[in-house]
Amino acid sequence: MQPFVLKHAIPAERSSASVPYAYSAVLQLNVLSDGRPAIADHAVLLATGTTTSTAGSKTHFDD
């Protein structure tokens with residue numbers, strides 16, 4: 001029997017957009033090419049914008 005998710009999952013499309021930072025698993029945050037945290041560069045913050053998640057509010061009543 002094949003799990004439901006394997007039957008209906010669609011691979012994500014690769015994005016051609018590039019960002020000026022990379023994720024550091026050691027530091028557990030996004031870092032710029034010079035090693036500074038990405039949050040330290042205001043231009044990067046303004047250019048990349050923000051994202052929000054509604055997962056918590058859909059699963060927890062006390063959010």
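Check the entry above for the structure.
It should be emphasised that the depicted structure is a prediction, and the values quoted were computed from it without experimental measurement.

Asker: So what about the pattern of salt bridges? Which residues, and what values?
Answerer: Evaluated as defined, the whole model comprises two salt bridges. Across the salt bridge formed by D34 and R36, the nearest N and O atoms sit 2.8 Å from each other. Given a relative accessible area of 35%, R36 falls into the partly exposed group. Put simply, R36 and D41 hold a salt bridge, and the shortest N to O gap is 3.7 Å. A single network of salt bridges, built from pairs that share partners, joins D34, R36 and D41.

Asker: Residue-level account of a nonpolar patch on the surface, with values.
Answerer: On the surface, a cluster of nonpolar side chains totalling about 300 Å² of accessible area is made up of V26, L27 and L29. Checked against the element boundaries, L27 lands in the loop between β1 (21-24) and β2 (29-32).

Asker: Would you mind going over the side chain of S24 in detail, with residue names and values included?
Answerer: Within the secondary structure layout, S24 lies in strand β1. Relative accessible area serves as the criterion here: at 15%, S24 is assigned to the buried category. A distance of 3.1 Å separates the side chain of S24 from the backbone nitrogen of L27, its partner in a polar contact. Residue contacts for S24: discarding those within four places in its chain leaves L29 and V31.

Asker: Describe unusual backbone geometry, with residues and values.
Answerer: The phi angle at Q28 is positive, at roughly 60°, despite the residue not being glycine. With respect to the helices and strands, the residue Q28 is situated in the loop between β1 and β2. Given the relative accessible area of 61%, Q28 is considered exposed.

Definitions and limits used
- Residues numbered from 1 in each chain as written.
- Predicted model: local features only at pLDDT ≥ 70, side-chain atom pairs only at ≥ 80, totals over all residues.
- Heavy atoms only, no water.
- Salt bridge = Lys/Arg side-chain N within 4 Å of Asp/Glu carboxyl O.
- Buried < 20%, exposed > 50% of the residue type's maximum accessible area, 1.4 Å probe, protein only.
- Patch = residues over 30% accessible without salt bridge, like charges linked within 9 Å, V, L, I, M, F, W, Y side chains within 5 Å.
- Areas by Shrake-Rupley, 256 points an atom, 1.4 Å probe, with all protein chains shown as cover.
- Helix = DSSP H or I, 4+ residues; strand = E, 2+ residues; numbered from the N terminus.
- Polar contact = N/O pair within 3.5 Å; in protein donor to acceptor, adjacent residues only side chain to side chain.
- Contact = heavy atoms within 4.5 Å.

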